[in-house]
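# Report on the structure
The residues making up each chain are set out below.
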Amino acid sequence: MLLGSFLVIGTICSLVNIWQQWSAKDQVFSAILIALLFICGILLFWYARQFPIKAQDRAIRAEENLRYFILTRKPLDSRITMGQVIALRFAPDDEFVILADRAINENLSPDEIKKAIKNWRADEHRA
């Protein structure tokens, strides 16, 4: 969080610097390079956080699909969204199948799924 804040502040300051240098007709090239470095830093920061989250979402989908298959001997319906799968991971086995079927048939939102869970199952391994 601290790094993200520094990158945003640095980007804003570098854009202000471009404006000031442009007005003074002085060293615009170096000001633009500094701003580009900060923008690249923000992109790098964003992607460095998003890639592991996507990989973790794929792992959750695979785990919950396996859990559904073990409990029902059928694969999880392909119409279920990633948000629904993530919400279903908090359901214990005895509620999981019923909630998964309801999520598909009634198009429940992730929040509705979480509210329908009676015995919450914690996920201690989410990044």
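Just above sits the structure.
Residues numbered from 1 in each chain as written. Predicted model: local features only at pLDDT ≥ 70, side-chain atom pairs only at ≥ 80, totals over all residues. Heavy atoms only, no water.

### A look at the overall build of the protein
- When its secondary structure is counted, the protein shows five helices and zero strands.
- Against the 2.2 N^0.38 benchmark of 14 Å for 127 residues, the protein shows a C-alpha radius of gyration of 23 Å, more extended than a compact globule.
- If you line up the protein on its principal axes, its C-alpha atoms span 70 × 25 × 25 Å.
- Burial analysis of the protein (127 residues in total) assigns 31% to the buried set.
- The contacts of the protein with a sequence gap of at least 6 include a subset with a gap of at least 24, amounting to 60%.
- Accessible surface computed for the protein: about 9000 Å², of which carbon and sulfur atoms make up 65%. (Helix = DSSP H or I, 4+ residues; strand = E, 2+ residues; numbered from the N terminus. Rg over C-alpha atoms; globule rule 2.2 N^0.38 Å. Buried < 20%, exposed > 50% of the residue type's maximum accessible area, 1.4 Å probe, protein only. Contact = heavy atoms within 4.5 Å. Areas by Shrake-Rupley, 256 points an atom, 1.4 Å probe, with all protein chains shown as cover.)

### What to know about the packing of aromatic side chains
- Counted by the stated rule, this structure contains three aromatic pairs.
- Here Tyr68 and Phe96 contribute two aromatic rings whose centre-to-centre distance is 6.1 Å and whose plane-to-plane angle is 70 degrees, an arrangement assigned as edge-to-face. Here Tyr68, found in helix α2 (residues 28-72), pairs with Phe96, found in helix α4 (residues 93-106); they are 28 residues apart in sequence, far enough to count as distant. By the burial criterion, Tyr68 is buried, and Phe96 matches it.
- Aromatic side chains Phe90 and Trp120 sit 4.7 Å apart centroid to centroid with 15 degrees between the ring planes, which places their arrangement in the stacked category. Residue Phe90 is found in the loop between α3 (82-88) and α4, and its partner Trp120 is found in the segment after α5 (110-116); the two are separated by 30 residues along the sequence.
- For Phe90, a relative accessible area of 11% corresponds to the buried category.
- Residue class for Trp120 comes out partly exposed when judged on its relative accessible area of 48%.
- The lysine or arginine in question, Arg67, covers the ring of Phe96, its NZ or CZ lying 3.9 Å from the ring centre. (Phe/Tyr/Trp six-rings, centres within 6.5 Å; stacked < 30°, edge-to-face > 60°. Lys NZ or Arg CZ within 6 Å of the ring centre and 35° of its normal.)

### Some thoughts on α4
- Taking 1.5 Å of rise per residue, the 14 residues of α4 would be expected to cover 20 Å, and the 20 Å separating its terminal C-alpha atoms lies within 8% of that figure.
- Glu95, Phe96, Leu99, Ala100, Ala103 and Ile104 are the residues of α4 that are buried. Down the axis of α4, the sector holding all buried residues measures 155 degrees, keeping them to one side. For α4, the exposed residues set more than 90 degrees away from the buried face come down to Asp94, Ile98 and Asn105.
- Along its buried surface, α4 packs onto α2, α3 and α5. (Expected span 1.5 Å × (residues − 1). Arc of directions from axis to C-beta.)

### Let's talk about the pattern of salt bridges
- In total, this model carries four salt bridges according to the counting rule given.
- Notably, a salt bridge pairs Glu64 with Arg67, separated by 2.9 Å at the nearest N-O pair. Taken together, the residues Glu64 and Arg67, both in helix α2 and three residues apart, mark about one turn of the helix.
- For Arg79, the salt bridge goes to Asp77, with nearest N and O atoms at 2.8 Å.
- You can call Arg79 exposed: its relative accessible area is 57%.
- Taken together, the salt bridges that share partners define one network made up of Glu64, Arg67 and Asp93. (Salt bridge = Lys/Arg side-chain N within 4 Å of Asp/Glu carboxyl O.)

This is a description of form; function is not addressed.
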